[in-house]
Amino acid sequence: MAKFGIGQSVTRVEDPRLLTGGGRYTDDTKLGAPAARLYVLRSPHAHARIGKVDTTAASKAPGVLLIRTGADVKAAGFGDLPCLVPVNNRDGTPRADTPRPMLQHDRVRHVGDPVAFVVAETLDQARDAAELIEVDYQPLPHTTDTKGSARAGAPLVHDHIKGNLAFDWEMGNRDKVDAAFKAAHRTVKLEIVNNRLVVNSMEPRGAIAEHDKASDRSTLWVSSQGVSVIRPVVADMILKIGEAKLRVRTGDVGGGFGMKIFVHPEYPMIVWAARTLGRTVKWIPDRQEAFLSDVQGRDHVSLAEMALDKDCRFLGLRVTTHAALGAYLSHYGAFIPTMAGSGMLAGLYQTPAVYVNVKGVMTNTVPTDAYRGAGRPEAAYLLERFVDHIARETGLSPDEIRARNLVKPAQLPWNTALGDTFDSGDFETVMRKAMVKADWAGFAARRLAALARGKWAGIGLATYVEKCSGGAPESAIAKFEADDTVTVYVGVQTNGQGHETAFTQIMSDRLGIDASKIRIVQGDSDVTPPGMTGGSRSIPVAGAAVLGLSDKIAAKGKLVAASAMEAAASDIEFKDGVFRIVGTDRKMDLFDVARAAKDPKHVPAGEKPGLDDDFTRTPQAATFPNGCHICEVEIDPDTGTLDIKRYTVMDDFGAAMNPLLLMGQVHGGIGQGLGQALTERTVYDAASGQLLSGSFMDYALPRADVVPYVHFDMHNSPCTTNPLGLKGAGEAGAIGAPPSVVNAIVDAIRPHTGLGHVDMPVTAASLWAAIDAARGKKAA
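Computed from a prediction, not measured in an experiment: that's the story for all the values here. The residue numbering used here restarts from 1 in each chain and proceeds along that chain's sequence as written. It should be noted that, the model being predicted, local features are given only for residues of pLDDT at least 70 and side-chain atom pairs only at 80 or more, the latter also being counted only at that level, while totals for whole chains, interfaces and linings use all residues. Computation of side-chain values covers all heavy atoms of the structure but excludes hydrogens and water.

Q: When you look at the sheet that holds strand β3 (residues 64-69) in this model, what are you seeing that I'm missing?
A: Two orientations exist for strands paired in a sheet by backbone hydrogen bonds: parallel and antiparallel. The sheet built from seven strands is open, its strands ordered β3-β5-β1-β12-β9-β10-β11 with mixed pairing. Each of the sheet's edge strands pairs with one partner strand only, and the pair in question is β3 and β11 (246-249). Sheet twist, expressed as the mean angle between neighbouring strand axes with direction ignored, is 20 degrees. In this sheet, strand β5 (residues 114-120) lies alongside β3 in antiparallel orientation, the contact comprising five bridges. By the convention used here, strands pair only if DSSP detects at least 2 bridges between them. Strands here are runs of E lasting at least two residues and helices are runs of H or I lasting at least four, both read from the DSSP assignment and numbered beginning at the N terminus. Between N-to-C directions, angles cover 0 to 180 degrees, with each direction set by a line fitted to C-alpha atoms, over the stretch in contact for helices.

Q: Before we go on, may I ask you to explain the packing of helix α10 (residues 376-394) against helix α18 (residues 732-753) in this structure?
A: Helix packing for two helices is described by the angle between their axes and how far apart those axes are. The contact between α10 and α18 brings their axes to 8 Å, and the two run at 25 degrees. It follows that α10 is roughly parallel to α18 by the angle criterion. Helix-helix and strand crossings are classified by hand; for α10 and α18 the assignment is right-handed. Facing Arg-376, Pro-377, Ala-380, Tyr-381, Glu-384, Arg-385, Asp-388, Arg-392 and Glu-393 of α10, the residues of α18 in contact are Ala-734, Ile-735, Pro-738, Pro-739, Val-742, Asn-743, Val-746, Asp-747 and Arg-750. Angular relationships are summarised with four words: roughly parallel below 35 degrees, roughly antiparallel beyond 145, roughly perpendicular across 65 to 115, and oblique for the angles in between. With the far helix as reference, a near helix turned anticlockwise by less than a right angle produces a left-handed crossing, and one turned clockwise produces a right-handed crossing. Contacts were defined at the residue level, with two residues in contact if any of their heavy atoms lie within 4.5 Å.

Q: How should I be thinking about the packing of aromatic side chains in this particular structure?
A: Given two aromatic rings, one states the distance between the centres and the angle between the planes to describe the pair. Pairing of aromatic side chains requires ring centres within 6.5 Å, counting the rings of Phe and Tyr and the six-membered ring of Trp. Pairs whose planes differ by under 30 degrees are stacked, by over 60 edge-to-face, and all others tilted. For the coordinates displayed, the defined rule picks out 10 aromatic pairs. Aromatic pair Phe-262 and Tyr-332: ring centres 5.5 Å apart, planes at 90 degrees, arrangement edge-to-face. Of this pair, Phe-262 sits in the loop between β11 and α7 (266-277) while Tyr-332 sits in the loop between β14 (314-326) and α9 (336-340), and the two are 70 residues apart along the sequence. Residue burial is assigned from relative accessible area. The probe radius is 1.4 Å, only protein chains are included, and a residue is buried under 20% of its type maximum, exposed over 50%, and partly exposed in between. Under the relative-accessibility criterion, Phe-262 is labelled buried at 0%. Here Phe-422 and Phe-427 contribute two aromatic rings whose centre-to-centre distance is 6.0 Å and whose plane-to-plane angle is 80 degrees, an arrangement assigned as edge-to-face. For Phe-422, a relative accessible area of 1% puts it in the buried group. Each residue in the set Phe-78, Phe-117 and Trp-272 is aromatic and connected to the rest through ring pairs, giving one cluster. Sitting above the plane of the Phe-181 ring, Arg-318 keeps its charged end 4.1 Å from the centroid. Here, a charge over a ring means that NZ of Lys or CZ of Arg falls within 6 Å of the ring centre while also lying within 35 degrees of the ring normal. The ring centre of Phe-591 lies 5.7 Å from the NZ or CZ of Lys-517, which sits over that ring.

Q: In this structure, what is going on with the sheet that holds strand β19 (residues 474-480)? I would like to understand it.
A: Read across the sheet, four strands follow the order β21-β20-β19-β25 without closing on themselves; strand pairing throughout is mixed. If you trace the sheet from one side to the other, it starts and ends with β21 (518-521) and β25 (613-617), each paired once. The sheet shows a mean angle of 20 degrees between the axes of neighbouring strands, taken without regard to direction. Of the strand pairs in this sheet, β19 and β25 are connected by five bridges, and their pairing is antiparallel. Note on β25: the bridge partner recorded for Ala-478 is Asp-613. Those strands touched by helix α14 (residues 499-511) are β20 (486-490) and β21, and its axis lies near 135 degrees from that of β21. Packing against the sheet, helix α15 (residues 538-564) makes contact with β19, β20 and β25, and its axis sits at approximately 140 degrees to β25.

Q: Please clarify how the nonpolar core should be interpreted in this entry.
A: Nonpolar side chains tend toward joint burial in soluble globular proteins. Residue types Ala, Val, Leu, Ile, Met, Phe, Trp, Tyr and Cys, when buried and joined through side-chain atoms within 4.5 Å, form a set referred to as a nonpolar core. Ranked by size, the top nonpolar core spans 104 residues in total, and within it Phe-386, Ile-630, Ile-635 and Tyr-647 carry the most contacts. No other element matches α18, which puts 10 residues into this core.

Q: What am I meant to see in helix α5 (residues 174-183) here?
A: Along an α-helix, residues three or four positions apart point the same way, because every turn accommodates 3.6 residues. What α5 keeps buried is the set Val-177, Ala-180 and Phe-181. Buried residues in α5, looked at end-on, bunch into an arc of 100 degrees, giving them a common side. In α5, the exposed positions angled more than 90 degrees off the buried face are occupied by Asp-175, Lys-182 and Ala-183. Considering only its buried residues, α5 is in contact with β8 (186-194), β13 (300-308), β14 and β15 (354-362). Polar contacts, as counted here, are pairs of nitrogen or oxygen atoms within 3.5 Å of one another; within protein the pair requires one atom able to donate a hydrogen and one able to accept it, and residues that are adjacent in sequence qualify only if both atoms are side-chain atoms. One side-chain oxygen at the N-terminal end of α5 lies 3.2 Å from the backbone nitrogen of Asp-175; it belongs to Asn-173. Working note: the arc is built from the helix axis to C-beta atom directions.

Q: Help me understand the layout of surface pockets in this model?
A: Vacant regions in the atomic arrangement are exposed by a probe of water-molecule size rolled over the atoms. Of the pockets and cavities examined, the second largest pocket occupies roughly 640 Å³. A 1.4 Å probe that fits into a set of points on a 1 Å grid over the protein atoms alone but cannot get out defines a cavity; an open set with protein on both sides within 12 Å along at least five of seven lines defines a pocket, and lining residues are those with an atom within 4 Å of a point. If you trace the second largest pocket, you find 27 residues lining it, with Glu-500, Arg-519, Ile-520, Val-521 and Gln-522 closest to the centre. A total of four residues in the lining of the second largest pocket trace back to one element, the largest contributor, which is β21. Under the scheme applied here, ten amino acids are nonpolar (Ala, Val, Leu, Ile, Met, Phe, Trp, Tyr, Cys and Pro), four are charged (Asp, Glu, Lys and Arg), and all others, including Gly, are polar. When its residues are assigned to classes, the lining of the second largest pocket shows nine nonpolar, 11 polar and seven charged. Grid points are joined across faces, edges and corners, and a volume is the space filled by probe spheres set on the points.

Q: Any chance you could explain the pairing of β20 here in plain terms?
A: Looking down a regular strand, the side chains alternate between one sheet face and the other. Burial analysis of β20 places five of its five residues in the buried class, which makes it a mostly covered element. Going residue by residue along β20, you find Val-486, Val-488 and Val-490 tucked away on one face and Thr-487 and Tyr-489 tucked away on the opposite face as well. Remark: five residues form the turn of the hairpin made by β19 and β20, two consecutive strands paired antiparallel; Asp-484 in that turn has positive phi of roughly 60 degrees. Of the strand pairs in this sheet, β20 and β21 are connected by four bridges, and their pairing is parallel. Bridging from a neighbouring strand, Val-488 pairs with Ile-520 of β21.

Q: Where do I start with the environment of Asn-200 in this structure?
A: Looking at the element boundaries, Asn-200 is found in the loop between β8 and β9 (207-212). Judged by relative accessible area, which is 12%, Asn-200 ranks as buried. Note: C-alpha distance between Asn-200 and Ile-50 (150 residues apart in sequence) is 30 Å. Beyond its immediate sequence surroundings of up to four residues, Asn-200 is in contact with Arg-287, Phe-291, Phe-696, Tyr-699 and Leu-701. Polar side-chain contacts of Asn-200 include one of 3.5 Å to the backbone oxygen of Val-198.

Q: Help me understand empty space enclosed by the protein in this model?
A: Counted according to the given criterion, the structure contains four cavities of 30 Å³ or more. Roughly 140 Å³ of internal volume is contained in the largest cavity. What lines the largest cavity is a set of 17 residues, among which His-300, Ser-302, Thr-321, Glu-378 and Ala-379 lie closest to the centre. Taken together, the elements giving at least two residues each to the lining of the largest cavity come down to β8, β13, β14, α9, β15 and α10. Here the lining of the largest cavity gets three residues from one element, more than from any other, and that element is α10. Taken as a whole, the second largest cavity holds about 60 Å³ of empty space. Among the elements that line the lining of the second largest cavity, the one with the most residues is β14, at three residues. Class assignment for the residues of the lining of the second largest cavity results in five nonpolar, three polar and three charged.

Q: Mind showing me how you'd approach the environment of Tyr-464 here?
A: Note on placement: Tyr-464 falls in strand β18 (residues 456-465). For the pair Tyr-464 and Arg-376, spaced 88 residues apart in the sequence, the C-alpha separation amounts to 9.1 Å. For Tyr-464, the contacting residues outside a window of four places in its chain are Leu-348, Ala-380, Pro-625, Asn-626, Gly-627, Cys-628, His-629, Asp-651, Phe-653, Ala-732, Ile-735 and Gly-736. There is a polar contact of 3.5 Å between the side chain of Tyr-464 and the backbone oxygen of Asn-626. For Tyr-464, the side chain forms a polar contact with the side chain of Asp-651, separated by 2.7 Å.

Q: Help me understand the side chain of Asp-399 in this model?
A: One can find Asp-399 in helix α11 (residues 398-405). Note on Asp-399: relative accessible area 11%, which makes it buried. The contacts of Asp-399, once residues within four sequence positions are left out, are Met-431, Arg-432, Met-435 and Leu-461.

Shown next, in the form of structure tokens:
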């Protein structure tokens with residue numbers, strides 16, 4: 001390997017290991033003797049009372065080691081899976097809570113709700129035994145519709161939550177917005193649906209638990225986004241054994257996207273089973289089980305209303321959202337549609353007054369929580385789809401309506417109407433550069449050429465801003481090894497983003513040592529500090545911790561080198577991994593100094609021997625990455641099929657740690673955003689509550705022919721609140737893509753049909769139906 005520098009497009013150091021089969025994902029983990037297998041019996045009903053549960057026949061089945069039901073959970077006194085975020089209603093009262101044991105004992109509230117588990121020697125034996133468990137279900141009325149579940153007379157998901165509203169939350173200045181609407185020259189409104197998504201990470205969730213009887217200590221291997229989130233919930237809140245009795249470990253992770261942050265019911269189940277049996281137990285779901293049990297994302301229905309003056313400048317924005325939360329409040333389920341994303345409804349605009357009301361709606365469906373972007377994509381889609389609609393309603397072009405309302409560089413730092421402060425950016429320049437790169441000026445000719453071929457062409461533009469890379473602190477710990485390497489422990493967890501490369505790159509740059517000398521350790525609650533991957537914060541926050549750690553080591557190293565070489569510290573320079581007395585050939589490399597530092601006589605007073613150290617980065621403020629996506633499409637009006645002809649992105653990420661990794665994150669995010677916009681549709685049957693799109697036969701992930709070549713560039717304005725100058729980038733692609741695609745579709749069909757809006761996902765079938773219906777109306 002070689003020395004890496006910050007800003008270089010370095011290929012990933014982890015790829016040779018992963019590409020040659022050296023990855024260790026949860027299912028690859030081998031822990032001595034063959035593991036027993038756990039299988040979960042799940043409810044076939046959307047809503048039902050549980051009567052008698054008879055496990056007699058199942059317990060006698062071949063290979064069965066253990067069966068547990070909801071009654072056993074209740075008898076053991078275990079805690080419920082918690083919602084970790086408090087949210088207050090508009091009247092100041094706290095949100096409702098939704099008790100959720102790991103196994104239900106009195107009522108199931110969605111198809112897939114866990115009722116019992118079986119542990120057997122093999123998975124087939126466990127599955128066969130589970131089929132012998134007799135459960136007396138007494139079906140109850142159910143509700144799955146996002147907005148309809150809050151209507152009067154809808155079946156209650158939880159008897160104590162009236163109207164199925166877990167919370168009725170607000171943000172912004174309602175009186176100021178009302179006044180803006182009274183003073184408005186005109187107003188525009190639009191109802192917008194943000195469709196529910198199933199996460200479908202390439203590696204499904206999975207867990208393995210083992211128990212050491214001598215120490216009464218268990219180890220949980222789990223595919224996660226941070227072991228320090230999982231450990232206290234499983235050990236303290238649910239099983240009540242105390243954190244000291246549970247070690248949590250995570251190896252390689254094949255995608256998380258928010259879903260793997262959270263404790264799901266199977267994790268305490270498997271630890272309980274391992275502790276009961278005193279042996280290793282394994283649970284790996286198949287894809288259909290994942291559809292029924294993984295927390296899902298999005299699922300909003302919103303009414304957006306804008307007040308404008310005579311020059312089409314925004315005076316006030318009012319947004320009312322019904323956010324489906326599923327049958328239970330997941331860890332951050334109450335946070336995502338409220339505090340996580342609502343602040344971004346101000347967008348990059350100067351709108352002086354914004355008011356947001358979010359109604360958290362319980363439904364008989366799988367719970368929802370964070371999915372890539374976690375509230376920010378929902379806000380950006382609503383705002384940018386709405387701003388485009390306003391442009392067409394007022395007769396302005398999409399760029400002109402934005403240019404009139406975007407915050408200008410001279411106005412920075414800008415305080416939004418919802419309390420955020422933009423520290424840097426040049427928002428209109430980013431948009432204009434994107435338009436040039438996309439050849440916006442040449443589109444009119446391309447539209448005519450497409451029409452001559454029988455195709456309808458459209459071009460869509462969307463700006464976005466994301467609040468990210470703030471929140472809790474992240475730490476990095478360094479340990480110098482005897483073989484002249486340094487091990488760095490971090491709390492964030494790679495899910496495929498390239499953490500090993502990025503952290504190695506930072507330390508190699510600051511300490512001037514070869515990348516092969518640096519080893520990154522993640523995912524072990526016994527040795528790694530607290531941390532979590534999420535909110536586009538791994539590099540801006542944990543990376544800043546590695547930066548601070550490296551600088552701290554170099555500073556101490558200078559003092560140690562000065563003592564060891566009997567020189568003044570002011571005469572020591574540090575460059576390319578070597579401490580040198582200025583003007584001489586006397587020098588010591590970093591690892592020589594690390595060895596010298598073990599002698600207390602070379603260590604500054606009050607410092608511990610050695611160069612081992614740690615550093616914690618506490619974000620001073622969030623960062624605000626922003627950008628502009630432009631999508632150009634052609635539609636066959638006779639079939640509804642759509643081709644993306646061009647896709648252009650101009651982003652402001654402050655700076656680029658590794659442009660190659662950065663482009664990968666943007667491309668992946670765009671792929672997921674296109675999936676939401678064009679293919680992914682989660683459908684619950686209103687009559688039965690069954691998940692109809694419960695496999696890849698019915699749920700369409702974006703394919704290679706959906707995702708186009710992406711023309712990507714940056715116009716960066718360095719972040720002033722981050723020592724690396726970075727703005728988070730991990731979620732940006734998924735935020736900007738959906739509105740740009742749908743805006744392009746509307747631009748294509750409106751001249752021919754008069755349709756001013758279509759909801760996601762815009763599949764060929766739904767688009768053809770909309771075109772056909774519009775043609776029928778014209779004919780009539």
